[in-house]
Amino acid sequence: KKTRSRLRCRRVQGRGSSQSCVPCERRLGPSEAMSPRAELETLAKSEEQDVLTIVAALNLPFGIETETEMILPRPVRNDSLHPGLFPTPEGANEMIWIGSPSDEVVEVQKQDKFAELLRKHHRAVPVWVTPDEKQLFEVGFSASSVWPILHSMIPFARFDPRWYDAYVEINQRYASTILAEVERWKEVLDVEVDGDGLEDDEVEGGVELQSTQDPADPTAPSSHPRCSEGLKRQVFVWVHDYHLMLVPEMLKKEDPGLKVVFVLTTPFTPYEIWRVIPQAEKLLNGMVGADLVSFYTYSYLRHFRSSVGRMLRCKPGIGHIDMDGQKTSLQVFPRGMDQSRIESGLKSEDAARYLQEYNNHYRGKQLVIAIGRLDYSQGLIQMLHAIKRYLDADAERGGGCRRSLYSSSSSAAVAKDSRVEVLQEAVFLVVVSPSHFGSEAEQAHLQEEVNRTIAEINSRHTTTIMGVPVVYVQRDLQVEELVALFARADLCLATPLVDGMNIHAKEFIAVKDPKLPEVTPGLLVLSEFAGAAQELSASYVVNPYDEVVFAETIAEALSQSPSERRDQLAPMRKRVLESDARQWATDVMNAIRKAPVSQETLTSNHADAVELPAECALPFRRGSPGKKLLFLDYDGTLREFVRIPSAAVPSEELKSILRAMKERDDLLVYIVSGRDRDFLSEHFDEYGFTLVAEHGFFVKHPNKEWGQFNPHTEVSWKEEVRPILQLFVRATPGCHLEEKRSALVWHYRNTDEEFGDFKARELVQNLEGSCANLPVEIAHGKKIVEVSSLQVKKGLIVQHFLNFHKENGEDIRPECVVVAGDDRTDESMFSMAWDNTITVKVGDWAETAARYHAHNPQQFRSFLKTMLLDVSAAL
């Protein structure tokens, strides 16, 4: 539908020759790049386009109290969607909230009055749902059909055709309300003024208003170049969660120009389970109607993509779905905790009072806390069985030091304060809130099983009347109580059988501020089936079904000293605070505002490396003439990769090889690594090798101090590149950013393998476009993407020492040379080495300039051992 608009360009201020276009400022240069949050706020406040943002969810963040006829904010839960997560719209922009306003019945004759109050004071529009409809649509289809299947709990799923009919009806009601608000907003903008100073043209995503100068009207807009671009109307619709899966398709059918994001906050189950829903295909079509579908983890995205490919008979890409001309982007945005909610709770007087009470009550004890809902997805029974096993094992040992009992992952040295903590009695506080999922009979059965298990534990392990080991509380906690308990707790158990994210785990970490002396250092035991497990991989991640390992993990966690607890939590806390709920909402909104990024395929340049033969070691053996130079990378070449890079220290086998090299006067060894100076000094100083850190930025000759290889290396570009990498850190659970003096490294070894590779290719493409005019090199290595200065390359180091090697003041040309590495950062060494150099690519050799390849570090170490033999030894 083409709308006739006569709205004047609001960018023009003044009259006649004094007119000026207010927001026509210059484009920001790379060095002035804004953070994603600042970028979104600038977009929201800019008058470059008229923007309407609609957030549609099951419930409004405002509730109606019918008795007093007041509109009050709903209590903010840890997973609430509320206005505080979004920038405040200004100027020509507007944000509207759409949802059900009340759990109470509102009389029909009063609905118009409340609707007017909601719109006027809260920018909210109600969707009225009767109690009968709520029972069918929300309690029935949403909670009893869709929710159990999303959580892979087929036995608890129930289906009724009437439920789905109500679901369609309510989804259509939401869609109609959204479309009515869009039309209403456009009508407000279609202001009638005298004369026809503007003409309209259709543009993608809305109507562009073109300015035409009227010479007879001195107040008409000037032909300023920015003003001539016109105003663009754009509507963004955020459709929230599984209650409204059909809404995106309904919206796009009526108004294809809308930009719609569907945000799923639960897991998405594998195809084999999803297809159990009789209307599964219709629900998929509804979600695919969105321009963007957002998930918490890549595994959920992968399951969704698989279901779409099988049920809708299309071939989706890794990060998008193209079907019938509709392109739907699939992205991962892990939600964080609501930082403002936690901070305000911590600063409150009530929290301080609660914390003092808890400190007094649990003095001399270790407090283990578990918070969840009363439903089968939370794994309450499995957790209680693990607690029982832990207490049983402790009783068999007569109490005392549990570290000796559960020593599988304990360090050899036990700190003094750790020993004291281990000897303290543990109290398990299990706090369970009511659940909206499952039938009354199912909840009653679960409650009975929980009560019976707790009674069995307490009867077996209670030593005094007031000293039960498991305390069970059934109620919702106020945020002040919650943060006080988290602050006091020594350990938090967040071990659901399946959970979309588990915000409580992130809240626990956020509360553990090491700067607050009244906060007890604590640790987190997290289920591997919680969405947060990928982000919080430094916690104790367990399979809640394995009660033996679960119990051992509880013992191990409780045995840690306060300093060990702080060290383990510190990197996770940094990420949790940086990637909070506001940042999550910002990232989702930025994603829907921007066009999807096309994927890049990396092509192979070399594929002719042959397997490293043992004969290549002969010229390097003891007794062979001349000097021999070895340029060796470390990670992936001399040593295998491990999950935690700091744990990849030289093995005893490697140390023996290094000691043998040290004894050889004819071998000159250079360790050329991406590692920092401290790591290389700690593990290689004793051997007297030349050490090269950060790919060539620092060099340390034997018995000398570290120095910068090129003092004129330019690194100011890091300020422009860092925000890009930080954005991908937030969007890729399990990855992290490492900052070196000459480089920024995005690590994704601990991410989902397929998703990490996809995001890495996307990052490389993004960087190549953004860094085209910067003095940097982009390298996609093994589970890393590194941006480094063009003045810093491993190849420059090799070239320098090959051409300028001196001994006793005289130039010495080595007799033979080996250069070995494992990834893209080592390719410059291969390409800059002499033609007769033995260049070895360790690992994947599909893309390499090296002449030879070794399958893995073990094979390369075997080659080095052969090299260290006497010249007369047999191969």
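Structure's up top.
Residues numbered from 1 in each chain as written. Predicted model: local features only at pLDDT ≥ 70, side-chain atom pairs only at ≥ 80, totals over all residues. Heavy atoms only, no water.

Draft legend 1. Spotlight on the overall build of the protein. Each helix and strand in the protein was counted, giving 25 helices and 35 strands. For the protein, the residues scored as buried account for 55% of the 875 residues in total. Total accessible area computed for the protein in this model is approximately 38,300 Å², and 49% of it derives from carbon and sulfur atoms. (Helix = DSSP H or I, 4+ residues; strand = E, 2+ residues; numbered from the N terminus. Buried < 20%, exposed > 50% of the residue type's maximum accessible area, 1.4 Å probe, protein only. Areas by Shrake-Rupley, 256 points an atom, 1.4 Å probe, with all protein chains shown as cover.)

Draft legend 2. How the structure looks around the pairing of strand 19 (residues 523–527). Across the 5 residues that make up strand 19, a large majority, 5, are buried. Covered by surrounding structure in strand 19 are L523, V525 and S527 together with L524 and L526, the residues of both alternating faces. Summarising the sheet, strand 18 (residues 491–494) and strand 19 pair through 4 bridges and their orientation is parallel. Of the residues in strand 19, the one forming a bridge with A494 is L526. For the crossover from strand 18 across helix 15 (residues 503–511) to strand 19, the handedness is right-handed. Bridge analysis of strand 19 against strand 20 (residues 540–542) gives 3 bridges, and the strand direction is parallel. By the bridge assignment for strand 20, S527 is matched with V542. (Pairing = 2+ DSSP bridges. Right-handed = clockwise from strand over helix to strand, strands pointing away.)

Draft legend 3. Looking closely at the packing of aromatic side chains. With the rule as written, the count across this model stands at 26 aromatic pairs. Geometrically, the ring pair formed by Y390 and F428 is edge-to-face, given 5.8 Å between the ring centres and 70° between the ring planes. On the criterion of sequence distance, the pair formed by Y390 in helix 11 (residues 380–396) and F428 in strand 16 (residues 425–433) is long-range, its members being 38 residues apart. This pair shows no difference in class: Y390 is buried, exactly as F428 is. Site record: aromatic cluster; members linked through ring pairs are Y634, F679, F684, Y687 and F689. If you follow R353 out to its NZ or CZ, it ends over the ring of Y354, 4.8 Å from the centre. Of note, R749 hangs over the ring of F641, and the distance from its end group to the ring centre comes to 3.9 Å. (Phe/Tyr/Trp six-rings, centres within 6.5 Å; stacked < 30°, edge-to-face > 60°. Lys NZ or Arg CZ within 6 Å of the ring centre and 35° of its normal.)

Draft legend 4. View of a nonpolar patch on the surface. Taken together, the side chains of I154, F159 and V276 present a nonpolar region at the surface, about 210 Å² in accessible area. Structurally, I154 is set in the loop between helix 3 (131–150) and helix 4 (161–189). (Patch = residues over 30% accessible without salt bridge, like charges linked within 9 Å, V, L, I, M, F, W, Y side chains within 5 Å. Salt bridge = Lys/Arg side-chain N within 4 Å of Asp/Glu carboxyl O.)

Draft legend 5. Here's a closer look at the pattern of salt bridges. The tally for this structure, following the rule as stated, stands at 44 salt bridges. E272 is the salt-bridge partner of R310, the closest N and O atoms lying 2.9 Å from each other. Taken together, the positions of R310 in helix 8 (residues 298–311) and E272 in helix 6 (residues 271–274) put the pair 38 residues apart, joining distant regions of the chain. With a shortest N-O distance of 3.0 Å, D490 and R565 are connected by a salt bridge. Note that D490 is positioned in the loop between helix 14 (479–488) and strand 18 and R565 in helix 17 (residues 562–578), a separation of 75 residues in sequence. Considered together, D490 and R565 belong to a single accessibility category, that of buried residues.

Draft legend 6. Layout of the environment of I838. Mapped onto the elements of the fold, I838 is located in strand 34 (residues 838–842). Under the relative-accessibility criterion, I838 is labelled buried at 10%. Sequence spacing of I838 and L612 is 226 residues, and the spatial spacing of their C-alpha atoms is 9.1 Å.

Draft legend 7. Region of interest: the sheet that holds strand 19. Taken together, the 6 strands give an open sheet; going across it, the order is 17-16-15-18-19-20, and neighbouring strands pair in parallel fashion. Looking at which strands have only one partner, the edges of the open sheet turn out to be strand 17 (470–474) and strand 20. Geometrically, the sheet is characterised by an average inter-axis angle of 20° between neighbouring strands, direction not taken into account. Of the pairings in the sheet, the one linking strand 16 to strand 17 comprises 5 bridges and is parallel in character. If you follow L429 over to strand 17, its bridge partner there is V471. The strands touched by helix 15 are strand 15 (365–373), strand 18 and strand 19; relative to strand 19, the strand with the most contacts, the crossing angle is about 170°. (Axes fitted to C-alpha atoms, helices over the stretch in contact; angles between N-to-C directions. Contact = heavy atoms within 4.5 Å.)

Draft legend 8. The pairing of strand 12 (residues 292–295), seen in detail. With burial as the criterion, each face of strand 12 is covered, one bearing L292 and S294 and the other bearing V293 and F295. Bridging between strand 11 (residues 259–263) and strand 12 involves 3 bridges; their strand directions are parallel. Within strand 12, the position partnered with V263 by the bridge is S294. Sheet topology places strand 12 next to strand 14 (residues 326–332); 4 bridges connect them, and they run parallel. Residue pairing across strands places F295 opposite V332, the latter belonging to strand 14.

Draft legend 9. Looking closely at the side chain of T495. Mapped onto the fold, T495 is located in the loop between strand 18 and helix 15. Those residues within four positions of T495 in sequence are excluded, and the remaining contacts are Q378, G379, M383, V525, L526, S527, V542, P544 and F550.

Draft legend 10. Quick peek at helix 21 (residues 718–731). Given a rise of 1.5 Å per residue, 14 residues ought to cover 20 Å, and the 20 Å separating the end C-alpha atoms of helix 21 matches this to within 8%. Burial within helix 21 is extensive, with 10 of its 14 residues counted as buried. Turning to helix 21, its buried residues are K718, E720, V721, R722, I724, L725, F728, V729, R730 and A731. (Expected span 1.5 Å × (residues − 1).)

Draft legend 11. Representation of the packing of helix 11 against helix 13 (residues 440–461) within the structure. As a packed pair, helix 11 and helix 13 sit with axes 10 Å apart at the nearest point and diverge in direction by 10°. Between helix 11 and helix 13, the interaxial angle falls into the category roughly parallel. Residue-level inspection shows L380, I381, L384, H385, K388, L391, D392 and A395 of helix 11 in contact with helix 13, the latter providing L446, E449, V450, T453, I454, E456, I457, R460 and H461. In terms of residue class, the contact of helix 11 with helix 13 is built from 9 nonpolar, 3 polar and 5 charged. (Parallel < 35°, antiparallel > 145°, perpendicular 65-115°, else oblique. Nonpolar A, V, L, I, M, F, W, Y, C, P; charged D, E, K, R; others polar.)

Draft legend 12. Examining the sheet that holds strand 28 (residues 743–747) more closely. The 4 strands lie next to each other as 27-28-30-29, forming an open sheet whose pairing is antiparallel. The outermost strands of the open sheet, each flanked by one partner alone, are strand 27 (736–739) and strand 29 (776–781). Going from strand to strand, the sheet's axes swing by 15° on average, the running direction of each strand aside. For strand 28 and strand 30 (residues 784–789), the ladder comprises 5 bridges, and the chain directions are antiparallel. Residue pairing for strand 30: W746 is matched across the bridge by V785. Packed onto the sheet, helix 22 (residues 753–770) meets strand 28, strand 29 and strand 30 and runs at close to 165° relative to strand 29.

Draft legend 13. Representation of the nonpolar core within the structure. Of all hydrophobic cores here, the largest spans 174 residues; its most connected members are W238, M245, W274 and L493. The leading source of residues in this core is helix 4, at 12 residues. Those residues in contact with L493, other than ones at most four positions away along the chain, are V368, I369, A370, I371, M383, I387, F428, V525, F550 and I554. (Core = buried A, V, L, I, M, F, W, Y, C linked by side-chain atoms within 4.5 Å.)

Draft legend 14. Quick look at unusual backbone geometry. Phi is positive for D241, close to 80°, though the residue is something other than glycine. Among the secondary structure elements, D241 is positioned in the loop between strand 10 (231–240) and helix 5 (247–254). With relative accessibility at 7%, the residue D241 sits in the buried group. A positive phi is found at N703, a non-glycine position, where the angle reads about 65°.

Draft legend 15. Region of interest: helix 14. Counting buried positions over the 10 residues of helix 14 gives 9, a clear majority of the element. Taken together, the buried positions of helix 14 are V479, E481, L482, V483, A484, L485, F486, A487 and R488. Residues of helix 14 that are buried sit in contact with helix 9 (339–347), helix 10 (349–361), strand 15, strand 16, strand 18 and helix 15.

Draft legend 16. Representation of the packing of helix 21 against helix 22 in the model. At a minimum axis separation of 11 Å, helix 21 and helix 22 run at an interaxial angle of 160°. Considered as vectors, helix 21 and helix 22 are oriented roughly antiparallel to each other. Along this stretch, helix 21 crosses helix 22, giving a crossing that reads as right-handed. Residues V721, I724, L725, F728 and A731 of helix 21 pack against F755, K759, E762, L763, N766, L767 and S770 of helix 22. By residue class, the composition of the contact of helix 21 with helix 22 is 8 nonpolar, 2 polar and 2 charged. (Left-handed = near helix turned anticlockwise from the far one by under 90°.)

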